[in-house]
Structure formats: C-alpha cells, structure tokens
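# Chains, contacts and geometry: an overview
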Amino acid sequence: MKNQRQKNKIGSHLNKGHKPILDWSISKIDLLGKTEYKFDKAAKSNELIQLAKLLRIQNLLSFKFKGSIFHECQKGTKFRLIATLSATTVQNCVITLQPIRKKNRIVIERWFFNGSNRQNPNNTFLNHPVDEIDTFYNEIGLYDIALEELVLNLPDYPRKPNAKFRGISVTEKGITELKDNPLRPFAALSVLKKEKSTN
C-alpha cells in the first residue's frame, strides 16, 4: 500500500488525467481466456522523449516492462501481476549539475480484483488487505503501473558520489557550473571610460 508521501510524489510528477503516452492496456477479455498472460513492452524513441518531459528528467534512454499476469481464480475475480521494469534514466546532479546515468531494475508484484464481478472479497485476498488490491473493470493499464513505479524509484535530489559544491552561475542560457574564471569587477567601468574618451 502506498503511503501519503508516495502518493504525493506520484501526483507531483504525473498530472491527474494526463493522456497516456503508451497504449499498454490489457483487456479483461484477454485475461479471462488464459491462466497466464505474458507481456513484453518497450517504449520507442519518440515515446521516450515524451516520457522524459512528463517525468521532468534530463533524458530517458530505455523503458521496458516484461512479465506475466496470472489468473488465480476460476471465477475470474483474482489476478496477480509479476513483472520487471527496466529503465535507464538521466538526471542532473543537484550538486555539480552534471548528468547522472542510472540503470533502474524494479521487480513489481500487484494483485487485482475484477470489479465487475459481484463477489465480495470479504476484506481479505489471499492474506492481502483489500487496500493493497487494485480494482479493475475493463482493462489493466500496464503503462500506469510502470510509470508509477519508476516515479517512486527516482531520487528527489540526484547526487553523484563524493560530489562537492563549487558554485553555480546563472546566465541567459540557464544555470551552469561556476567556472574558475578570474573576476574583473572594474572591467565594465574601464570600457565606459574608453567610450567617453572617444566621444
């Protein structure tokens, strides 16, 4: 079950009601017809760009979701997802502003209850509390699951190991690392004097 901090993090990264970038939905009809439904999804290059913008990270080099959904009950009420999310992310270090490339590998297990079935799960579901079960009606959205898990795995303040703060410079092009250029506080004044003397 997600705590409030996790819910807030997901909400801050993902706009509620945003249009899905990936069509990774599995219909209930496909699930009911199989004991095990296998899936192997991977985002394309143009989709990776859109996902990086949504997540507000520097770059997303890969985003893959592979696993199975098991039909745990003959009555079509209980399903279990076991999958692995693999994603290579690039975020800027909050100390040096240099890019940090990270390979994320997240093992995911989720339980689902078919909400269109009138059977009551009686507050338990194979020893799982009801609030840990995702209820679905027409389909299971793999895209939402994968994106939520990646958001929770992203560091709020990415930092390179042993990084030391050496200052930043704010310019017209944005925030950059402060360089050790010699400071010349009277350079502009000397230029003005030269302009006055020529006039």
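Coordinates for the structure precede this section.
A brief look at the structure comes next. (Residues numbered from 1 in each chain as written. Predicted model: local features only at pLDDT ≥ 70, side-chain atom pairs only at ≥ 80, totals over all residues. Heavy atoms only, no water.)

## Description of the packing of aromatic side chains
- Summed over the entire model, instances satisfying the criterion amount to four aromatic pairs.
- For the pair Trp 24 and Phe 63, a centre-to-centre distance of 5.7 Å together with 15° between the ring planes defines the contact as stacked. Of this pair, Trp 24 sits in the loop between α1 (4-13) and β1 (25-27) while Phe 63 is found in strand β3 (residues 59-71), placing the two residues 39 residues apart along the sequence. We note that Trp 24, like Phe 63, is buried.
- Here Phe 79 and Phe 136 contribute two aromatic rings whose centre-to-centre distance is 5.6 Å and whose plane-to-plane angle is 75°, an arrangement assigned as edge-to-face. With Phe 79 in strand β4 (residues 78-92) and Phe 136 in strand β8 (residues 133-136), this pair connects stretches of sequence that are 57 residues apart.
- Take Phe 79: its relative accessible area is 1%, and that puts it in the buried class.
- Classification of Phe 136 by relative accessible area gives buried; the value is 4%. (Phe/Tyr/Trp six-rings, centres within 6.5 Å; stacked < 30°, edge-to-face > 60°. Helix = DSSP H or I, 4+ residues; strand = E, 2+ residues; numbered from the N terminus. Buried < 20%, exposed > 50% of the residue type's maximum accessible area, 1.4 Å probe, protein only.)

## Points about the pattern of salt bridges
- Under the defined criterion, the tally for this structure stands at five salt bridges.
- Between Glu 149 and Arg 110 there is a salt bridge, and its shortest N-O distance comes to 3.3 Å. A residue pair is termed long-range when its members are at least 10 positions apart, and Glu 149 in helix α4 (residues 142-153) and Arg 110 in strand β5 (residues 99-114) qualify at 39 residues.
- Assessed through its relative accessible area of 17%, Glu 149 is described here as buried.
- Here Arg 110 falls in the buried class, since its relative accessible area comes to 10%.
- Salt bridges sharing common partners tie together Arg 110, Asp 134, Glu 148 and Glu 149. (Salt bridge = Lys/Arg side-chain N within 4 Å of Asp/Glu carboxyl O.)

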